[in-house]
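Each chain is listed here by its residues.
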Amino acid sequence: MANSPTGESVISRVVRLMAAFDRQVPSMSLSELSQRAGLPMTTAHRLVEEMLKHGLMERDADGQLRVGVRLWELAARGSQALSLREIALPYMEDVQAAVHQYTTLAVLDHGSVLYLERLSAPDSAAKRALDAAHIAQRAPLHATSSGLVLLAYSPTWLQQEVLAAPLEKVTEETITDPPTIRRHLAEIRQRGYAALPGIAVKGWTGIAVPVFSSGNTIAAALNATVPSGETNVPFTVPALLTAAHGISRALGAGAPSGPRRR
């Protein structure tokens with residue numbers, strides 16, 4: 001695979017082009033794409049033309065570029081994440097029916113939370129607060145209940161790596177002190193869920209439980225976001241644990257995904 005003068009491979013440059021798109025900017029001109037990807041115009045033009053031929057990128061009626069449906073098709077064929085989403089969706093619907101709040105499914109990917117699915121609750125006041133938890137969006141592991149659950153059941157070396165890096169303070173309640181986070185991780189493994197008010201969105205509590213796969217390894221975190229308050233946690237946790245048990249069994253886990261010790 002030919003490299004650029006800087007030593008960057010073609011694949012790396014293609015990834016930079018695709019990563020330039022997001023929910024806020026789903027389409028753009030070639031010059032905008034070149035600038036956002038940090039690539040020379042000639043390089044961006046050459047790669048984009050090739051991607052257009054294969055359907056990995058498309059032009060809309062206004063000539064703007066966007067990610068192509070062909071990319072989704074290829075990814076969906078063998079995606080473990082999409083299989084997980086399909087298994088989890090009926091259980092997520094049960095949770096949403098019980099708690100009437102936003103429900104998400106997330107995995108750990110490249111050191112951050114990646115949301116695979118989100119069920120909206122039209123009558124919930126959390127809609128504006130949860131703009132950062134859309135499908136395919138990411139969040140810091142330490143700043144969400146889902147992230148803390150994923151981290152709590154991850155290998156020790158990964159926990160050390162995450163906690164050694166700079167930790168962003170997303171809200172006033174976000175915990176950025178590594179020893180304090182480690183104590184919370186131990187508590188999560190002890191009781192089987194995370195519920196830390198306001199660490200991601202002020203006034204709201206993400207309540208998350210682990211989902212396990214074969215070998216009882218952490219596969220995902222199932223979360224419901226509720227208004228912060230003492231009565232919401234004990235009401236929501238059983239619904240989440242029941243759903244997580246069902247998803248875990250479907251994924252081949254040999255034990256329920258409730259409280260565990262490592």
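Residues numbered from 1 in each chain as written. Predicted model: local features only at pLDDT ≥ 70, side-chain atom pairs only at ≥ 80, totals over all residues. Heavy atoms only, no water.

Thoughts on the packing of helix 2 (residues 30–37) against helix 3 (residues 41–53)
Formally: Axes here mean lines fitted to C-alpha atoms, for a helix over just the part in contact, with angles spanning 0 to 180 degrees between N-to-C directions. Helix and strand assignments follow DSSP, with helices taken as H or I runs no shorter than four residues and strands as E runs no shorter than two, numbered in order from the N terminus. We call two directions roughly parallel when the angle between them is under 35 degrees, roughly antiparallel when it is over 145, roughly perpendicular when it lies between 65 and 115, and oblique otherwise. In this scheme the handedness of a crossing depends on how the near helix is turned from the far one: anticlockwise by less than a right angle means left-handed, clockwise means right-handed. Contact between two residues is taken to exist if any of their heavy atoms lie within 4.5 Å; hydrogens are not considered.
Between helix 2 and helix 3, the least distance of the axes is 9 Å, while the angle of their chain directions is 110°. Taken together, the axes of helix 2 and helix 3 lie roughly perpendicular to each other. Crossing geometry of helix 2 relative to helix 3 is assigned as right-handed. Counted together, Leu30, Ser31, Leu33 and Ser34 of helix 2 and Met41, Ala44, His45 and Val48 of helix 3 form the full contact between these two elements.

A few points about the packing of aromatic side chains
Quick note on the threshold: Here a pair means two rings of Phe, Tyr or Trp (six-membered ring of Trp) with centres within 6.5 Å. Their orientation is stacked below 30 degrees between planes, edge-to-face above 60, and tilted elsewhere. Relative accessibility decides the category of a residue: with a 1.4 Å probe and only protein chains considered, values under 20% of the type maximum give buried, values over 50% give exposed, and everything between is partly exposed. For a ring to carry a charge above it, either NZ of a lysine or CZ of an arginine must fall within 6 Å of the ring centroid while also lying within 35 degrees of the normal to the ring plane.
Applying the stated criterion across every chain, the model contains one aromatic pair. Pairing Tyr153 with Phe212 gives two aromatic rings, centres 5.2 Å apart and planes at 80°, and the pair type is edge-to-face. With Tyr153 in the loop between helix 6 (145–152) and helix 7 (156–164) and Phe212 in strand 7 (residues 204–212), this residue pair connects regions lying 59 residues apart in the sequence. Phe212 carries the same exposure label as Tyr153, and that label is buried. The ring of Tyr193 carries Arg191 above its face, with NZ or CZ at 4.7 Å from the centroid.

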